Amino acid sequence: MLILAGHVINCYIMKTIENGFIRISADEETGAVVGFTDKASGWDIIGNKKLAKGIRLLVPCDKSRNNQVLSENQKLTSVKTGKDVMSLVWDKLYGTKSGELDISCTLTIRLKGAEAHFIVSINNQSRFVVEEVWTPYLGGVKKKQEDAKLELKTINMCAGWENVNLTESFSQAGYWGI
């Protein structure tokens, strides 16, 4: 963060991976995915970097069931990049109600052609159960153009895949954070 003439300016020091199809950038401090570009069309998928996050976990503890691990409260332990791959590691996660937890999280972003794969690994050495993990936690997603559809593929509660159109219907608005 930079303050100029009383105004706060967000500065992102980023690590970037790219191939012929996609470019993805992550903030080196928090791990937030602050850049996601379709290189063929020039579509910058992240419209508002301030809404971008890295990870979010729900780890109920003795004090509260709503003990959230929010990426904005974490510091990345390491960021490694290679050809078509980036690895983001958070150690000793911090919960909003529990304080420091003996939990680490690794997010691996792998580019395969025109696809981006996000793989998360949790190492929980705490006595608490990790109930939910949200990643990638993309914020400020914008449509390619005004008349374009915004769709995604997700796993449903019956362990099957389904396509969800976020343009025409927001029947699961709370779930998708829209």
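Source: prediction; values computed, not measured. (Residues numbered from 1 in each chain as written. Predicted model: local features only at pLDDT ≥ 70, side-chain atom pairs only at ≥ 80, totals over all residues. Heavy atoms only, no water.)

Caption draft 1: Expanded view of the overall build of the chain. From N to C terminus, the chain includes one helix and 17 strands. When the 178 residues of the chain are sorted by exposure, 35% land in the buried category. Put simply, the chain shows about 10800 Å² of open surface, and 50% of that area lies on carbon and sulfur atoms. (Helix = DSSP H or I, 4+ residues; strand = E, 2+ residues; numbered from the N terminus. Buried < 20%, exposed > 50% of the residue type's maximum accessible area, 1.4 Å probe, protein only. Areas by Shrake-Rupley, 256 points an atom, 1.4 Å probe, with all protein chains shown as cover.)

Caption draft 2: Seen up close, the sheet that holds strand β7 (residues 56-58). The three strands are arranged β8-β7-β15 in an open sheet whose pairing can be described as antiparallel. The open sheet terminates on both sides in strands that have one partner only, identified here as β8 (68-70) and β15 (132-134). Within the sheet, the average angular offset between the axes of one strand and its neighbour, ignoring direction, is 10°. Relative to β15, β7 runs antiparallel, the two sharing three bridges. (Pairing = 2+ DSSP bridges. Axes fitted to C-alpha atoms, helices over the stretch in contact; angles between N-to-C directions.)

Caption draft 3: Region of the structure containing the packing of aromatic side chains. As enumerated under the stated definition, the model contains one aromatic pair in all. Both rings, one in Phe36 and one in Phe118, keep their centres 6.2 Å apart while their planes meet at 40°; by these two values the pair is tilted. With a gap of 82 residues between them, Phe36 in strand β5 (residues 33-38) and Phe118 in strand β14 (residues 115-124) connect regions that are remote in the sequence. (Phe/Tyr/Trp six-rings, centres within 6.5 Å; stacked < 30°, edge-to-face > 60°.)

Caption draft 4: Molecular detail of the side chain of Asp84. Position of Asp84 among the secondary structure elements: in the loop between β9 (78-82) and β10 (85-90). When near neighbours in sequence (up to four residues on either side) are disregarded, Asp84 contacts Ile17, Glu18, Asn19, Ile109, Arg110 and Leu111. (Contact = heavy atoms within 4.5 Å.)

Caption draft 5: Examining the pairing of β10 more closely. In terms of burial, β10 is a largely internal element, five of the six residues being buried. Taken together, the five bridges between β9 and β10 define a ladder with antiparallel strand orientation. Across the sheet, Lys80 pairs through a bridge with Ser87, a residue of β10. Between β9 and β10, which pair antiparallel and follow one another directly, the connecting turn spans two residues, one of which, Asp84, has a positive phi of 65°.

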